[in-house]
Amino acid sequence: MKHVVDVAVIGAGTAGLAAYRAARAAGARAVIIEGGPYGTTCARVGCMPSKLLIAAAEAAHAVHRAPGFGVHVDGALRVDGREVMARVRRERDRFVGFVVDGVEAIPAADRIRGTAKFVDAHTLDVAGQAITARSVVIATGSRPSIAPILRNLGDRLVVNDAIFDWEDLPRSVAVFGPDPAVPFPKAIRPAIPHGKC
Ligand SMILES: Cc1cc2nc3c(=O)[nH]c(=O)nc-3n(C[C@H](O)[C@H](O)[C@H](O)COP(=O)(O)OP(=O)(O)OC[C@H]3O[C@@H](n4cnc5c(N)ncnc54)[C@H](O)[C@@H]3O)c2cc1C
């Protein structure tokens, strides 16, 4: 099948969806092409689940700090890693569901599944379908970059694509990438001893 459109957007992430909607709002004929799962990096493996994990860490941290405010929690503080991760996954799935609903509200004819490859400056090939577009928006996001020094860690190296599917918290974890979005703020970073914090 051949599509001829004004705008072809590659990538149905946050940026691609915004570009597609802007093109449509301006009256352009547009399609949006996605080669991976719908739901966006932000909702599936980025901003949203990381903030859910950070929220759990902050809850534990607040309890740690509470005595300084004259607020005492009698008994030991216990972090249940399975419960923490079950909530992260449950809420993450709910958020992803909202995003997927939004994508599925886009007319089916405008949604193209498959990996886009440039044939020339105005032509894309997506799983054998040719798409000719006046303009192409490349909104293909990014992938984790693994420094050479970390490459021999095997399955001990976990990137954000997998971390939010953990069923339990690890006993300890080293975090590389000191960004506010890294899902282990100080409160939880050094180690989560099983059963205690
Ligand atoms: C742990 C973590 C926490 C974060 N926290 C925050 C935060 O708090 N605040 C914030 O602003 N940002 C945050 N970010 C960054 C944010 O998630 C990303 O910047 C944003 O999701 C990128 O959106 P995007 O649309 O550019 O890419 P994506 O959402 O990744 O979408 C790109 C899409 O393109 C598709 N694709 C790629 N190549 C092709 C191809 N050839 N053909 C078809 N489809 C293709 C991919 O499958 C993907 O679905 C965080 C990121 C991470 C990893």
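Since the structure is predicted, the reported quantities are computational estimates derived from the model, not experimental observations.

Thresholds, definitions, all that
Residues numbered from 1 in each chain as written. Predicted model: local features only at pLDDT ≥ 70, side-chain atom pairs only at ≥ 80, totals over all residues. Heavy atoms only, no water. Helix = DSSP H or I, 4+ residues; strand = E, 2+ residues; numbered from the N terminus. Expected span 1.5 Å × (residues − 1). Buried < 20%, exposed > 50% of the residue type's maximum accessible area, 1.4 Å probe, protein only. Arc of directions from axis to C-beta. Contact = heavy atoms within 4.5 Å. Phe/Tyr/Trp six-rings, centres within 6.5 Å; stacked < 30°, edge-to-face > 60°. Lys NZ or Arg CZ within 6 Å of the ring centre and 35° of its normal. Pairing = 2+ DSSP bridges. Right-handed = clockwise from strand over helix to strand, strands pointing away. 1 Å grid on protein atoms, 1.4 Å probe; cavity = no way out; pocket = protein on both sides within 12 Å on 5 of 7 lines; lining within 4 Å. Points joined across faces, edges and corners; volume = space filled by probe spheres on them. Near = heavy atom within 4 Å. Polar contact = N/O pair within 3.5 Å; in protein donor to acceptor, adjacent residues only side chain to side chain. Areas by Shrake-Rupley, 256 points an atom, 1.4 Å probe, with all protein chains shown as cover. Nonpolar A, V, L, I, M, F, W, Y, C, P; charged D, E, K, R; others polar.

Undergrad: Mind showing me how you'd approach helix α1 (residues 14-25) here?
TA: Each turn of an α-helix holds 3.6 residues, which means side chains three or four residues apart point in the same direction. The terminal C-alpha atoms of α1 lie 16 Å apart, and with 12 residues this matches the ideal 16 Å at 1.5 Å per residue to within 8%. Of the residues making up α1, those classed as buried are Gly16, Leu17, Tyr20 and Ala23. Angular distribution of buried residues about the axis of α1 spans 130°; they occupy a single face of the element. Facing away from the buried side of α1, by more than 90 degrees, are the exposed residues Thr14, Ala15 and Ala25. Against β1 (2-10), β2 (30-34), α2 (40-45) and α4 (81-104) lie the buried residues of α1. Two residues or fewer after α1 comes Gly27, characterised by a positive phi angle close to 90°.

Undergrad: What should I look at first to understand the packing of aromatic side chains in this one?
TA: Here a ring pair, both rings aromatic, is described through the centre-centre distance and the interplanar angle of the planes. Within the structure shown, the criterion is met by zero aromatic pairs. Directly above the aromatic system of Tyr38 lies the positively charged group of Arg113, at a separation of 4.1 Å from the ring centroid.

Undergrad: Mind showing me how you'd approach the pairing of β2 here?
TA: Regular strands place side chains that alternate from one sheet face to the opposite one. Along β2, five of the five residues are buried, which leaves the element largely enclosed by surrounding structure. Burial along β2 is two-sided: the face carrying Ala30, Ile32 and Glu34 and the face carrying Val31 and Ile33 are both buried. The sheet contact formed by β1 and β2 spans four bridges and is parallel. The residue bridging Val9 from the neighbouring strand is Ile32, located in β2. In this view, the connection linking β1 to its parallel neighbour β2 by way of α1 has right-handed handedness.

Undergrad: Sorry if this is basic, but what is going on with the layout of surface pockets here?
TA: If a probe as big as a water molecule is rolled over the atoms, it shows which places are left empty. Empty space within the second largest pocket amounts to approximately 220 Å³. The wall of the second largest pocket is formed by 14 residues, among which Ala56, Ala59, Val79, Asp80 and Val84 lie closest to the centre. Elements represented by at least two residues in the lining of the second largest pocket include exactly α3 (47-65) and α4. Tallying contributions element by element places α3 first for the lining of the second largest pocket, with six residues.

Undergrad: Sorry, what's going on with unusual backbone geometry here?
TA: For residues besides glycine, phi is generally negative; the peptide bonds are generally trans as well. A positive phi angle is found at Thr40, which is not glycine, with a value near 70°. When you line up the elements, Thr40 lands in helix α2. Positive phi, close to 50°, is recorded for Ala127, a residue that is not glycine. Relative to the assigned elements, Ala127 resides in the loop between β5 (123-126) and β6 (129-138).

Undergrad: Which parts of the structure should I look at to understand the site of the ligand?
TA: As a matter of local geometry, the ligand sits amid 24 residues, with Ala15, Glu34, Thr41, Lys51 and Ala116 nearest to it. Here an oxygen atom of the ligand sits 2.4 Å away from a polar atom, N or O, in the side chain of Thr41. Here an oxygen atom of the ligand and a backbone polar atom of Cys42 are 3.4 Å apart. Taken by itself the ligand offers 1,000 Å² of open surface, and the protein chains cover 66% of this. Secondary structure elements with two or more residues in the shell around the ligand: α1, β2, α2 and α3. Among the residues forming the shell around the ligand, the class breakdown is nine nonpolar, 13 polar and two charged.

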